[in-house]
Each structure stands twice: as C-alpha cells, then as structure tokens.
Amino acid sequence: MTDDTPPELSPLDPAFIITSRIATALGLLPFVVGAGVLEFAKLAPPGTFLVPVLLAYAFVAYTVPARKYRHWGYDMGTDRLRVVRGYLFYRDTIVPFGRIQHIDVDQGPIDRRYGLAKLTVHTAGNHNSTVVLPGLAHTDALAIRAAIRQDVL
C-alpha cells in the first residue's frame, strides 16, 4: 500500500438498511394516500393513479436504502475523521480533530429500536461546518465521540 492509497473504509451498521427502508416508506406514504384519494374520486379509469404510485413506492422504499448503505463509509484515523458517501454525487470529507467544536450523538425512535445512532460533528468555520455520519451502532458512535474528545482535549 502506498501513501496515496486511501485506507479501507468502515461500513455502516447493516441495520441502517432496515431503518432507512422504514423512514423512506413513511416519507413516501403521503403520495400513496394522495393516489388513493384520486382513485376514490374516480377521475380516471381504476388503477390509473394507485398502481403506478404503489409500484414506484415499493421500488424506491426497497432499493434506495440498500444503495445508500453501500455508498457510505468512514475511517477513524489518529488525528482525523473521514466520511465518504455518494455514488453519482460523491463526497469525501476529512475532519481534522483540531477543528472540531462539539459532537452530537442522536437517536430517533426508529434508530433506538434497532440500536443505531447518528454522529454529528460540528467544526469551526462556515463551509461544511457540520458532518453527519448516520447508521452507526450506538456503542460505536459513543466510542468514536469518546476517542475524538480524548484526542482534542
């Protein structure tokens, strides 16, 4: 391995796929309800609104979270945190520990049910001053926060 070769990235917790599927399904639910209302109003032949919306709903809720999971990763170095995400729009963010102002570990009800957390790192400056790393096991997020705090202090 040369100095130019990036280190192997750590993947997110596999439960992130399940929580993302639940969140995506809940987020798209208003479209299904709207299609149902249009079907009930009988503005077009039966199935004109509801069938395409249900097919798109199932496709997006099932495939997008798995794709999102495959294209997220992070590397915890001795003096920095690297977060890589994206496929079509790729973002590789490196946060030096010396620039970190504070760190949040957040859990919503779905994340708490599956033992996940979101690590949010706030840095000095205004451009990209917040770096978010979702889909971590709660214990891993707490360990990363403790390691960063220990190195910064």
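Presented here is a report on the structure given in the accompanying data block. Only a predicted model underlies this, so the values are computations on that prediction, with no experimental measurement involved.

### Digging into the sheet that holds strand β1 (residues 72-76)
Consider a sheet: its strands pair through backbone hydrogen bonds, and that pairing is either parallel or antiparallel.
Move 1: Taken in spatial order, the three strands line up as β1-β2-β3 in an open sheet, and their pairing is antiparallel. Every other strand in the sheet has two partners, leaving β1 and β3 (91-96) as the edge strands with one partner each. Neighbour-to-neighbour, the strand axes of this sheet turn through a mean angle of 10°, independent of strand direction.
Move 2: Where strand β2 (residues 80-85) lies against β3, six bridges are found, and the strand directions are antiparallel. Within β3, the residue paired with R80 across the bridge is P96.

### Points about helix α2 (residues 50-70)
Move 1: With 21 residues, α2 should reach 30 Å at 1.5 Å per residue; the first-to-last C-alpha distance of 31 Å fits that figure.
Move 2: Buried residues of α2: A61, P65, A66 and Y69, and no others.
Move 3: Summarising the contacts, the buried residues of α2 are in contact with α1 (15-40) and β1.

### Let's talk about the pairing of β1
Move 1: Counting buried positions over the five residues of β1 gives four, a clear majority of the element.
Move 2: Sheet topology places β1 next to β2; five bridges connect them, and they run antiparallel. Looking at the pairing, Y74 lines up with V83 of β2.
Move 3: Linkage of β1 to β2, two consecutive antiparallel strands, is achieved through a turn of three residues.

### Here's the deal with the sheet that holds strand β5 (residues 116-123)
Move 1: Pairing within the open sheet is antiparallel, and its three strands lie in the order β4-β5-β6. In the strand order of this sheet, the two ends are held by β4 (100-106) and β6 (130-137), each with one partner. Within the sheet, the average angular offset between the axes of one strand and its neighbour, ignoring direction, is 20°.
Move 2: Bridge count for β4 against β5 is six bridges, and the pairing is antiparallel. What sits directly across from D106, in β5, is K118.

### Quick look at unusual backbone geometry
Move 1: Although it is not a glycine, K42 adopts a positive phi angle of roughly 55°.
Move 2: Tracing the backbone shows K42 in the loop between α1 and α2.
Move 3: Taking the relative accessible area as the measure of exposure, K42 reaches 72% and is therefore exposed.

### Some details on the environment of T130
Move 1: Relative to the assigned elements, T130 resides in strand β6.
Move 2: With a relative accessible area of 41%, T130 lands in the partly exposed category.
Move 3: For T130 and Q101, which are 29 residues apart along the polypeptide, the C-alpha to C-alpha distance reads 10.0 Å.
Move 4: Look past the residues within four positions of T130 in its chain and what remains in contact with it is T120, V121 and H122.
Move 5: Reaching out from T130, the side chain makes a polar contact with the side chain of H122 at a distance of 3.4 Å.

Criteria and thresholds
- Residues numbered from 1 in each chain as written.
- Predicted model: local features only at pLDDT ≥ 70, side-chain atom pairs only at ≥ 80, totals over all residues.
- Heavy atoms only, no water.
- Pairing = 2+ DSSP bridges.
- Helix = DSSP H or I, 4+ residues; strand = E, 2+ residues; numbered from the N terminus.
- Axes fitted to C-alpha atoms, helices over the stretch in contact; angles between N-to-C directions.
- Expected span 1.5 Å × (residues − 1).
- Buried < 20%, exposed > 50% of the residue type's maximum accessible area, 1.4 Å probe, protein only.
- Contact = heavy atoms within 4.5 Å.
- Polar contact = N/O pair within 3.5 Å; in protein donor to acceptor, adjacent residues only side chain to side chain.

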